[in-house]
Amino acid sequence: MAVRRLLARLELPTDTVSLARYLIGKLLVRELPEGVASGRIVETEAYVVGDAAGHAYRGMTRRNRSLFLERGRAYIYLAYGSSYMLNISSETPGIGAGVLIRALEPLEGIPIMQLNRGVERLRDLARGPGRLAQALRVDRSLDGLDLCQEGSLWLGRGDHEPGEIGQSIRIGISRDADRPLRFYLRDSPFVSGPRSFTE
DNA sequence: TCCGCGATTAACT
DNA sequence: GTTAATCGCGGAA
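One structure accompanies this document, and this report is about it. Note that residues are indexed from 1 along each chain, following the sequence as it is written. Chain labels run from A onward and ligand labels from 1 onward, assigned in the order the entries are written. Restriction of local features to residues with pLDDT of at least 70 applies here, the model being predicted, together with a cutoff of 80 or more for giving and counting side-chain atom pairs; totals for whole chains, interfaces and linings are based on all residues. Neither water nor hydrogens contribute to the side-chain values; these are computed over all heavy atoms in the structure.

### Side note on the packing of aromatic side chains
Heads up, the rule is: Side-chain rings of Phe, Tyr and Trp (the six-membered ring for Trp) are treated as a pair once their centres are within 6.5 Å; stacked means planes under 30 degrees apart, edge-to-face means over 60, and tilted covers the remaining angles. We call a charge positioned over a ring when the NZ of a Lys or the CZ of an Arg lies within 6 Å of the ring centre and within 35 degrees of the ring normal.
Under the counting rule described, the total for this entry stands at one aromatic pair. The interplanar angle of 25° and the centroid separation of 5.5 Å between the aromatic rings of tyrosine 75 and tyrosine 77 together place this pair among those described as stacked. One cation-aromatic arrangement involves arginine 170 over tyrosine 47; the distance from NZ or CZ to the ring centre is 4.6 Å.

### Regarding the pattern of salt bridges
What counts, and what does not: A pair is scored as a salt bridge if a Lys or Arg side-chain nitrogen falls within 4 Å of a carboxyl oxygen belonging to Asp or Glu. Secondary structure elements follow DSSP: runs of H or I of four or more residues count as helices, runs of E of two or more count as strands, with numbering from the N terminus. Buried residues are those whose accessible area, probed at 1.4 Å on protein chains only, stays under 20% of the maximum for their type, while exposed residues exceed 50% and partly exposed ones sit between those limits.
Per the counting criterion, the structure on display carries 17 salt bridges. For arginine 182, the salt bridge identified is with glutamate 43, shortest N-O distance 2.8 Å. Here the residue arginine 182 occupies a position in strand β8 (residues 182-185), and glutamate 43 occupies one in strand β2 (residues 35-47), the gap between them amounting to 139 residues. Accessibility expressed as a relative area gives 0% for arginine 182, which makes it buried. Its salt-bridge partner being arginine 170, residue aspartate 51 comes within 2.5 Å of it at the nearest N-O pair. Linking aspartate 51 in the loop between β2 and β3 (74-79) with arginine 170 in the loop between β7 (165-168) and β8, this pair joins segments that are 119 residues apart in sequence. You can call aspartate 51 buried: its relative accessible area is 2%. Residues joined in a network through salt bridges with shared partners are Arg9, Glu70, Arg73 and Asp146.

### What about helix α1 (residues 16-23)?
Given 3.6 residues to a turn, an α-helix orients residues that are three or four positions apart in the same direction. For clarity, the threshold we go by: Comment: arc refers to directions from the helix axis out to C-beta atoms. Contact between two residues is taken to exist if any of their heavy atoms lie within 4.5 Å; hydrogens are not considered. The definition of a polar contact used here is a pair of N or O atoms within 3.5 Å, where within protein one atom must be able to donate a hydrogen and the other to accept one, and adjacent residues in sequence count solely through side-chain atom pairs.
Residues of α1 that are buried: Thr16, Leu19, Ala20 and Leu23. The buried residues of α1 occupy one face: seen down the axis, they fall within an arc of 100°. Check the buried side of α1 and you find it contacts β2, β4 (83-89), β5 (98-108), β6 (153-156) and β8. In this structure aspartate 15 caps α1, since a side-chain oxygen of it lies 3.3 Å from the backbone nitrogen of valine 17. Of the residues flanking the end of α1, it is glycine 25, one or two places downstream, whose phi is positive at about 95°.

### Description of the layout of surface pockets
If a probe as big as a water molecule is rolled over the atoms, it shows which places are left empty. Applied cut-off: Cavities and pockets were defined on a 1 Å grid built over protein atoms only: a cavity is a set of grid points that admits a 1.4 Å probe from which the probe cannot escape, a pocket is an open set flanked by protein on both sides within 12 Å along at least five of seven lines, and lining residues are those with an atom within 4 Å of any such point. Grid points are joined across faces, edges and corners, and a volume is the space filled by probe spheres set on the points. Gly is put with the polar residues, along with every residue not named as nonpolar or charged; the nonpolar set is Ala, Val, Leu, Ile, Met, Phe, Trp, Tyr, Cys and Pro, and the charged set is Asp, Glu, Lys and Arg.
Space inside the largest pocket adds up to approximately 660 Å³. Lining the largest pocket are 33 residues, with Tyr47, Ala53, His55, Tyr77 and Ile173 sitting closest to its centre. Elements with a contribution of two residues or more to the lining of the largest pocket: β2, β3, β4 and β5. Looking at the lining of the largest pocket residue by residue, the class counts come to 19 nonpolar, nine polar and five charged.

### Regarding the protein's contact with DNA strand C
Our working rule: Near residues are defined by distance, with any heavy atom within 4 Å of the molecule or strand qualifying the residue.
Around DNA strand C, the surrounding shell consists of Arg58, Thr61, Arg63, Leu78, Tyr80 and Gly81. Per the 4 Å cut-off to the protein, sugar and phosphate atoms form 79% of the nearby atoms of DNA strand C. Threonine 61 is positioned with one of its side-chain polar atoms (N or O) 3.1 Å from a phosphate oxygen of DNA strand C. One of the backbone nitrogen or oxygen atoms of tyrosine 80 is found 2.3 Å away from a base oxygen of DNA strand C. Looking at side-chain class alone, the surface near DNA strand C contains two nonpolar, two polar and two charged residues.

### Some remarks on the side chain of lysine 26
Definition in use: Only four residue types enter the charge count, namely Lys and Arg as positive and Asp and Glu as negative; His and the chain termini do not.
Tracing the chain through its elements places lysine 26 in the loop between α1 and β1 (27-32). Although lysine 26 is buried, it makes no salt bridge; glutamate 161 carries the closest opposite charge, 6.1 Å away. Once residues within four sequence positions are removed from consideration, lysine 26 is found in contact with Leu7, Gly39, Arg40, Ile41, Gly156, Arg157 and Gly158.

### A few points about unusual backbone geometry
Excluding glycine, a negative phi dihedral is what most residues carry, and trans is how most peptide bonds are arranged. Here the phi dihedral of tyrosine 80 falls at roughly 55°; this positive angle occurs in a residue that is not glycine. By secondary structure assignment, the location of tyrosine 80 is in the loop between β3 and β4. Classification of tyrosine 80 by relative accessible area gives exposed; the value is 79%. We note that glutamate 91 has phi near 65°; this positive angle belongs to a residue other than glycine. With respect to the helices, strands and loops of the structure, glutamate 91 is situated in the loop between β4 and β5.

Here it is as structure tokens:
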């Protein structure tokens, strides 16, 4: 198994779009009582400053305050009453923006993820933001966590350069819907949405 | 307080 | 391809 090395905050681009692209190919590591579950990030979306689709658009609230932290923090919320969404804060403190993690290629702890998800098929473990959170048992209790510090959830360096990165409009939003702010690993079967609109 | 609405998913036809 | 489930948030009153 590849060495898991923590990503330092200084390695993370400050700019939201740059961060969304940078995170493709990086590792997301979850430490649970029964063991480690991890995966390679294969799909992200940027929710930039001044973005009408972003949760920070109307200012800071109790729910979205983690988006305004220094880059590399977790912002987690519940969508549709049933699915948790994991985001990583971007920009500088006081600026509300972040990157949604939409899909992982499972690497370690696959049996743990299978139990958490209640499905066997590798491709269905973390393809989609809600599935990903369920596979890694991510919920609001992790909101605000520093992902640049070893702990229950953290970001790791990938062991090689990612392949070709595609770009498209974001999935499932209505406002600011035409902006090409979704990034994904072009050849990965673990990507959730369409693979058209490639750059 | 009330009410409409999702950065989704799974189970349908 | 279509649709119901589900509930916290936040804007309106």
